[in-house]
Amino acid sequence: MPQRWSPEQVVALAPDASSVAAGRKLAAAGPWSQTGATAEPAAVWGLCKGSGKTPYQTIVDLTGPAYRCSCPSRKFPCKHALGLLLLWSAGGVEETAAPSDFAAAWLDSRAAKAARSTTAGADGTGTGVDGTSAGVDGTSAGADGTGVQRDAERAARRRAEQRAERMGAGAADLDRWLRDRVRTGLAGADRAGYGDVDAVAARLVDAQAQVLAGGVRRLAGVAASGDGWPGRLLAELALLRLLTAAHSRLADLPEPLAATVRARVGYPVRTEDVLATPAVRDRWNVLSLRDSTEDRLVVRRVVLLGEHTGRVAVVLSFAPPGQPLDASLVPGRSLEADLHFHPGSAPRAVVGARHGEPGVLGAVAGAGVAAALASWAQALAADPWLTSWPVVLAAVVPAADPGEDRPGSLLDEAGDALPLAPGAEPWHLLAVSGGRPVTVVAEQTPLGLHPLSALTEHGLVAL
């Protein structure tokens, strides 16, 4: 029998809150029949009674995870898959000798497709990294394809140069606006709304510097943030000015800092280029998953920690609202894999080759408050525009501070404390810990900590 997931692990896969609510309603034996689970293949399946005469066929391949349901929902996983997984996690699905016929057909087709992909990759006749239908030597046209390939490379370089020129012009225009903004003063910015910054942001979008445009748009919210807004607004303007100044002398910067500046301005980085960088192979523990909405996209952030390297990684995926996100990294599990890190100082990474099947959560080595602060200081030195950094704090006790501006803090064994950020809720963490030391996964920000998950004797609990 595959190791059962916790309810928190299942909920972390849901595309939205309404799917979680609907899935919980189906996490009971009543609507289900012909349920079962096997360890090889690692799968769970069942028939769920719906509004029609024919029940929905629901199957989950636990190694992906991947989902198949005959319902008309466009969400992945749908409420039936979530309900089935929640029922299984609670012990409501029994192990069987083999999958049911409807489940076996889909699982066999997935295995056959994976075998074909492996065979194609082994003999070099499959699809290349660039998406072309490649021959033995990886080319796609002509006797050896080199002429077409050279033309495509020249065109790509020219497009990149043109985009860099546009982004450079946009950054220079922003620099002039920042100088004018400070020279004329900040008075009235708290009443100006977005009209004062929209025109500047629009010009940056035209220059393909969308990340810079987002930073400019945020200025209006800072100006309307209440008492003390002039100081906060001036700090944001200073950081933008630092970025435009750094971009103006990009060629003179050390390469790691130059890569960080390019990322902060919004230069695109192709996934295939990241996958071409040296791999960091480890047993990666999946410690948290958080979804947020940014610029009309849902962004999923998954924090991983290398069991042997101790390296922290953040894997991002993006999708329009209601569309499926990458659900292959399940909190509370681990996987042996190659991670490839983006250029610059950020811990963002892309998962490359995976070795074997996902397994149970391994040993998680956290740090004390002093070490976490030292890591945060080092990260800020490499990237002054950093707004968050993943930390794993070992053996900390949460404490609430009723009546104060901050909601609480985390106290380690040495007596050092880190405050929680305004708006962070301490109550769930207090309930999980019961006043005892726990390992906490959090995002360190300039305003304090945002807890993401906690490790207790019962496993990983999402916060």
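Residues numbered from 1 in each chain as written. Predicted model: local features only at pLDDT ≥ 70, side-chain atom pairs only at ≥ 80, totals over all residues. Heavy atoms only, no water.

(A) Representation of the packing of helix α9 (residues 229-248) against helix α10 (residues 255-265). With their axes 10 Å apart at the nearest point, α9 and α10 run at an angle of 125° to one another. Classed by the angle they form, the pair α9 and α10 counts as oblique. In terms of crossing hand, the pair formed by α9 and α10 is left-handed. In this structure, α9 uses L243, A246 and H247 to contact α10, whose residues at the interface are V261, R264 and V265. Tallied by class, the residues present in the contact of α9 with α10 amount to four nonpolar, one polar and one charged. (Axes fitted to C-alpha atoms, helices over the stretch in contact; angles between N-to-C directions. Helix = DSSP H or I, 4+ residues; strand = E, 2+ residues; numbered from the N terminus. Parallel < 35°, antiparallel > 145°, perpendicular 65-115°, else oblique. Left-handed = near helix turned anticlockwise from the far one by under 90°. Contact = heavy atoms within 4.5 Å. Nonpolar A, V, L, I, M, F, W, Y, C, P; charged D, E, K, R; others polar.)

(B) Quick peek at the sheet that holds strand β3 (residues 56-61). With antiparallel pairing, four strands are arranged side by side in an open sheet as β1-β2-β3-β4. Of all strands in the sheet, those with a lone pairing partner are β1 (32-39) and β4 (66-69), marking the two edges. Averaged over all pairs of adjacent strands, the angle between strand axes in this sheet comes to 10°, irrespective of strand direction. Bridge count between β3 and β4: four bridges; the pairing is antiparallel. Bridged to T58 within β4 is C69. (Pairing = 2+ DSSP bridges.)

(C) Looking closely at the pairing of β1. Note: β1 against strand β2 (residues 42-48), six bridges, orientation antiparallel. Across the sheet, the residue bridging to A39 is A42, located in β2. Where β1 folds back onto β2 in an antiparallel hairpin, the turn is made up of two residues.

(D) Representation of unusual backbone geometry. Residue E40 is joined to P41 through a cis peptide bond whose omega torsion reads 0°. Relative to the assigned elements, P41 resides in the loop between β1 and β2. Note that the residue after F76, namely P77, is joined by a cis bond; omega there is -5°. Take P77: it is sitting in the loop between β4 and α3 (79-89). Phi is positive for Q34, close to 50°, though the residue is something other than glycine. By the secondary structure assignment, Q34 is in strand β1. Relative accessible area serves as the criterion here: at 48%, Q34 is assigned to the partly exposed category. (Buried < 20%, exposed > 50% of the residue type's maximum accessible area, 1.4 Å probe, protein only.)

(E) How the structure looks around the environment of T54. Mapped onto the elements, T54 comes out in the loop between β2 and β3. Each C-alpha atom, one on T54 and one on S70, is 9.9 Å from the other, the two residues being 16 residues apart in sequence.

(F) Region of interest: the sheet that holds strand β15 (residues 448-456). The strand order across the open sheet formed by six strands is β13-β12-β11-β14-β15-β16, and the pairing between neighbours is antiparallel. Each edge of the open sheet is held by one strand with a lone partner, namely β13 (417-419) and β16 (459-462). In this sheet, neighbouring strand axes are inclined to one another by 45° on average, regardless of whether the strands run parallel or antiparallel. Relative to strand β12 (residues 408-411), strand β11 (residues 389-400) runs antiparallel, the two sharing four bridges. Looking across to β12, one finds that P398 is bridged to L410.

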